[in-house]
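Topology and contacts: notes
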Amino acid sequence: MISTEASQLGHEAARRLARLGRVAISAGLTDAEFDRIEQTYGFEFADDHRAFLAAGLPLNAPPDSGQARKNLWPDWRNGDPNDLREQLARPIEDALFDIEMNGVWRPVWGKRPTDPKCAVEMARPYFEQAPKLVPIRGHRFLPAGHGTYGHPVLSVHQTDIIFYGTDLADYIDQEFGSWNISEDWEPPPLVPFWSDFV
């Protein structure tokens, strides 16, 4: 059971997306589908993300629609399991690429090894212990976690991480409307480790 606030936030995000009329939306995921997904991929959706996907599953444009692009919305119902695993692994793998190829290093990890491959192996456990990030669309993510909600949406490209919405409903406005996060907004400390790169 999810809290009323989390449910309202997820449903509001779904309403905002549906009102845009720019994204096809299929029937929402069922409890049985959520159970299968979470068991298969080893994470639990945050409560607002779960409510959003229960309200309706956003779909990618069909290949013959003239809008064919890389699938940006994860197809949790019928998607290729390898593709979904790749999307879930992307934040860590892309960050480790930055460590190996671009010399990114956090001082709290200690002295950086001179060998880039050793640096990757030294940094890997920090990323594996961090909250799992679950794709919303493309490289926009929410942290996993049953019993949690209201996280800021993170745009994650390697270790270039920015806030892309104060929460899931605000993210829909930012992604499909106009970028307008208030300058005085203070993000909640709800994304341990990943927020250190913001």
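Look above for the structure.
Here's what I pulled together on the structure shown here. (Residues numbered from 1 in each chain as written. Predicted model: local features only at pLDDT ≥ 70, side-chain atom pairs only at ≥ 80, totals over all residues. Heavy atoms only, no water.)

1. A few points about the overall build of the chain
Put simply, the rule reads: Each helix is a run of H or I in the DSSP string that is no shorter than four residues. Each strand is a run of E no shorter than two, and both are numbered from the N terminus. In this description, contact between two residues means that some pair of their heavy atoms is separated by no more than 4.5 Å. Using the Shrake-Rupley algorithm and a 1.4 Å probe, accessible areas are obtained, with residue cover drawn only from the displayed protein chains.
Helices and strands together make up the secondary structure of the chain, namely 6 helices and 6 strands. When the helices and strands of the chain are placed in sequence order, the string is α-β-α-α-β-α-α-β-β-β-β-α. Long-range pairs, those at least 24 residues apart, make up 60% of the contacts in the chain with a sequence separation of at least 6. Summed over its atoms, the accessible surface of the chain is roughly 10,400 Å², and 50% of this surface lies on carbon and sulfur atoms.

2. What about the packing of helix α1 (residues 4-20) against helix α3 (residues 47-55)?
Rules: As a rule, the C-alpha atoms of each element are fitted with a line to give its axis, helices using only the stretch in contact, and angles between N-to-C directions run from 0 to 180 degrees. Small angles under 35 degrees read as roughly parallel and large ones over 145 as roughly antiparallel, with 65 to 115 read as roughly perpendicular and the rest as oblique. Should the near helix be turned counterclockwise from the far one by less than a right angle, the crossing is left-handed, whereas a clockwise turn marks it as right-handed.
Packing of α1 against α3 brings their axes to within 7 Å, and their N-to-C directions diverge by 45 degrees. Relative to α3, the element α1 is oriented oblique. As for how α1 packs across α3, the hand of that crossing is right-handed. Contact residues: A6, S7, L9, G10, H11, A13, A14 and L17 in α1; D47, D48, A51, F52 and A55 in α3.

3. Describing the layout of surface pockets
We apply this condition: We place a 1 Å grid over just the protein atoms. Points where a 1.4 Å probe fits but has no way out form a cavity, open points with protein on both sides within 12 Å along at least 5 of 7 lines form a pocket, and any residue with an atom within 4 Å of a point lines it. Grid points are joined across faces, edges and corners, and a volume is the space filled by probe spheres set on the points. Ten residue types, Ala, Val, Leu, Ile, Met, Phe, Trp, Tyr, Cys and Pro, are classed as nonpolar, four, Asp, Glu, Lys and Arg, as charged, and the remainder, Gly among them, as polar.
Approximately 180 Å³ is the volume found for the second largest pocket. Lining of the second largest pocket is provided by 14 residues; of these, L88, A89, I92, F127 and K132 occupy positions nearest its centre. Residue assignment for the lining of the second largest pocket shows that the elements contributing at least two residues are α4 (81-102) and α5 (116-129). No other element matches the 6 residues that α4 contributes to the lining of the second largest pocket. Here the residues of the lining of the second largest pocket sort into 9 nonpolar, no polar and 5 charged.

4. Concerning the pairing of strand β5 (residues 153-157)
A regular strand places its side chains on the two faces of the sheet in alternate fashion. Formally: The classification of residues rests on relative accessible area computed with a 1.4 Å probe and restricted to protein chains. Under 20% of the type maximum is buried, over 50% is exposed, and intermediate values are partly exposed. Paired strands, in this sense, are two strands between which DSSP finds at least two bridges.
Extensive coverage of β5 is indicated by the burial of 4 of its 5 residues. In this structure, strand β4 (residues 140-143) lies alongside β5, joined through 2 bridges in antiparallel fashion. The partner of R140 across the bridge, within β5, is S155. Relative to strand β6 (residues 160-165), β5 is paired through 5 bridges, and the arrangement is antiparallel. Looking at the pairing, H157 lines up with D160 of β6.

5. Here we look at the packing of aromatic side chains
Quick reminder of the rule: Each Phe, Tyr or Trp ring, with Trp reduced to its six-membered ring, pairs with another whose centre is within 6.5 Å; inter-plane angles below 30 degrees give stacked pairs, above 60 give edge-to-face pairs, and intermediate values give tilted ones.
One pass over the structure, following the stated rule, counts 10 aromatic pairs. Relative to W76, the ring of Y41 lies with its centre 6.2 Å away and its plane at 65 degrees, an arrangement referred to as edge-to-face. Of this pair, Y41 sits in helix α2 (residues 31-41) while W76 sits in the loop between β2 (57-58) and α4, placing them 35 residues apart in sequence. No difference in accessibility class separates Y41 from W76, as the two residues are buried. Seen from their ring centres, F43 and F45 are 4.9 Å apart, and the 75 degrees between their planes marks the pair as edge-to-face. Here the two residues F43 and F45 agree in accessibility, since each one is buried.

6. Looking at the side chain of H49
Residue position: H49 is located in helix α3. Look at H49 and you get buried, because its relative accessible area is 2%. If sequence neighbours within four positions are ignored, H49 has contacts with V134, P135, I136, L142 and L168.

7. Some words on the sheet that holds strand β3 (residues 133-137)
The strands making up a sheet associate through backbone hydrogen bonding, with each pair oriented either parallel or antiparallel. Within the open sheet, the 4 strands sit side by side as β3-β4-β5-β6. Their pairing is antiparallel. Of all the strands in the sheet, just β3 and β6 have a single pairing partner and so form its edges. Neighbour-to-neighbour, the strand axes of the sheet open up by a mean angle of 40 degrees, direction not taken into account. Pairing of β3 with β4 involves 4 bridges; the strand directions are antiparallel. Of the residues in β4, the one forming a bridge with P135 is F141. The strands that α4 touches are β3, β4 and β5; relative to β3, the one it contacts most, it runs at about 115 degrees. Relative to β6, helix α6 (residues 168-176) is tilted by about 100 degrees, and along the sheet it contacts β3, β4, β5 and β6.

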